Amino acid sequence: MMIKNARTLDFPLISNGYPIAATQQDTGWLEPTKPAAPLAQLHKRYQEHGYLWLKGILDREAVMAFRSRFFEAFRSTGLLAEESDPVEGLDSGQEVDREQVHRIWMEAVRWPEYEAFCYSPQIVRFYESFLGGDIQLLKRKIIRYTRPGDIHCTPGHYDLIYLRAGTDHVYSSWIPLGDIPVEMGGLVYLEHSDTLGRQMEAEFSKLNASLSYEERISAYNKNMTEGGWVGKDLAALATKIGGRWLLADYEAGDMVVHSPYMIHGSTENRDPLGRMRLSTDIRYQRQSDLSDPRWNNHYYVGDKL
Ligand SMILES: O=C(O)CCC(=O)C(=O)O
């Protein structure tokens, strides 16, 4: 499979005000995997790299239809450029009615068609085969949109910090809902950081041992950094482990599966065409494994998870 790594980017890429690396040479590219690869190969890659970027596993048309449905719902809020096709997700650049946006957004994560999307046969088939049996989808499912120029990015973190009350055999699916080239600020992954995440969590477990159960499982207890993040300065994190941030030009139809220890974050959306980045992140695990009960509720902004 061809890896699109030959193009030159406009550097530096910025995350929360920090450049993620000095030059493009200090970053790498995520490696795609064919969804139809033999199971043993998929397991091996996941173990070794902490992620699988499953190229084109989903039906592109279905993904774009959901993108269109999502943005159309916001038409009356002023979020979309006037008279634009919602599938483009063109930002109006205008102030919006935040309360109305918030209400529709929280409705969207409860839409039956969103749930149906998360249960797409391709996703279910993949996980049933990858995990070797029945699976469950955690109810707390997040859809994120990012307007161009928004300086707030997802800081570096690994997911288990927020999921400590369940199994660590939990698998995050990050799904671009539309094309997300690097310039639109998709996820960046810290190379080989699954190992670092495991070490960090082992350290936190020791530090947290004397805390109450509620505090121990909290991403915000006294031993954690602000927000449970590993850090906002992504370049400093990469220097710490001697790894690189891995970038990707994601396309509608792709799905990245990442380990709960894999460190990742996002960069600013600087799309020259003014499109909003849209993605969803949802989590799956074996039906028989213990799930974190806090994730058995729908997502709402401020649920402090
Ligand atoms: O989409 C983002 O910016 C964050 C997603 C994320 O952290 C995840 O998929 O675990």
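In this text the structure is predicted, and so the values were computed from the model without any measurement.

S.K.: How would you summarise the side chain of Asp303 if you had to cite specific residues and measurements?
M.R.: Tracing the backbone shows Asp303 in the segment after strand E13 (277-286). At a separation of 2.7 Å, a polar atom in the side chain of Asp303 contacts the side chain of Arg140.

S.K.: Outline the packing of aromatic side chains, listing residues and values.
M.R.: The final tally for this structure, using the stated rule, is 22 aromatic pairs. Aromatic side chains Tyr46 and Tyr171 sit 5.5 Å apart centroid to centroid with 35 degrees between the ring planes, which places their arrangement in the tilted category. Within this pair, whereas Tyr46 is found in helix H1 (residues 39-49), its partner Tyr171 is found in strand E8 (residues 170-176), the two being separated by 125 residues in sequence. Summarising the burial analysis for this pair, Tyr46 and Tyr171 share the class buried. Between the aromatic rings of Phe70 and Phe74, the centroid separation amounts to 4.8 Å while the plane-to-plane angle is 45 degrees, which identifies the pairing as tilted. Since its relative accessible area comes to 0%, Phe70 is described here as buried. Here the aromatic cluster, defined as three or more aromatic residues joined through ring pairs, consists of Phe66, Phe70, Phe71, Phe74, Trp105, Trp111, Tyr114, Phe117, Tyr145 and Tyr299.

S.K.: A description of the site of the ligand should follow, citing residues and the corresponding values.
M.R.: Around the ligand sit 13 residues in total, of which Thr154, Trp174, His264, Arg277 and Arg283 are the nearest. One of the side-chain N or O atoms of Thr154 is found 2.6 Å from an oxygen atom in the ligand. Trp174 places a side-chain nitrogen or oxygen 2.9 Å from an oxygen atom of the ligand. Bound to the protein, the ligand loses 98% of the 290 Å² it would expose on its own. Among the cavities detected, the one that contains the ligand is the largest pocket. Here the shell around the ligand takes four residues from E13, the largest share from any one element. For the shell around the ligand, a count of residues per class yields two nonpolar, six polar and five charged.

S.K.: Explain empty space enclosed by the protein to me, and be specific about the residues and the numbers.
M.R.: Gaps left between atoms are located by rolling a probe of water-molecule size over the structure's atoms. Counted under the stated rule, the structure contains one cavity of 30 Å³ or more. When its volume is computed, the largest cavity comes out at roughly 50 Å³. Along the walls of the largest cavity sit Ile180, Pro181, Val182, Gly185, Gly186, Leu187, Val188, Leu247, Ala248, Tyr250 and Thr267, which together make up its complete lining. Taken together, the residues of the lining of the largest cavity sort by class into eight nonpolar, three polar and no charged.

Here is what the cut-offs are and how they apply
Residues numbered from 1 in each chain as written. Predicted model: local features only at pLDDT ≥ 70, side-chain atom pairs only at ≥ 80, totals over all residues. Heavy atoms only, no water. Helix = DSSP H or I, 4+ residues; strand = E, 2+ residues; numbered from the N terminus. Polar contact = N/O pair within 3.5 Å; in protein donor to acceptor, adjacent residues only side chain to side chain. Phe/Tyr/Trp six-rings, centres within 6.5 Å; stacked < 30°, edge-to-face > 60°. Buried < 20%, exposed > 50% of the residue type's maximum accessible area, 1.4 Å probe, protein only. Near = heavy atom within 4 Å. Areas by Shrake-Rupley, 256 points an atom, 1.4 Å probe, with all protein chains shown as cover. 1 Å grid on protein atoms, 1.4 Å probe; cavity = no way out; pocket = protein on both sides within 12 Å on 5 of 7 lines; lining within 4 Å. Sits in = over half its atoms within 2 Å of the grid points. Nonpolar A, V, L, I, M, F, W, Y, C, P; charged D, E, K, R; others polar. Points joined across faces, edges and corners; volume = space filled by probe spheres on them.

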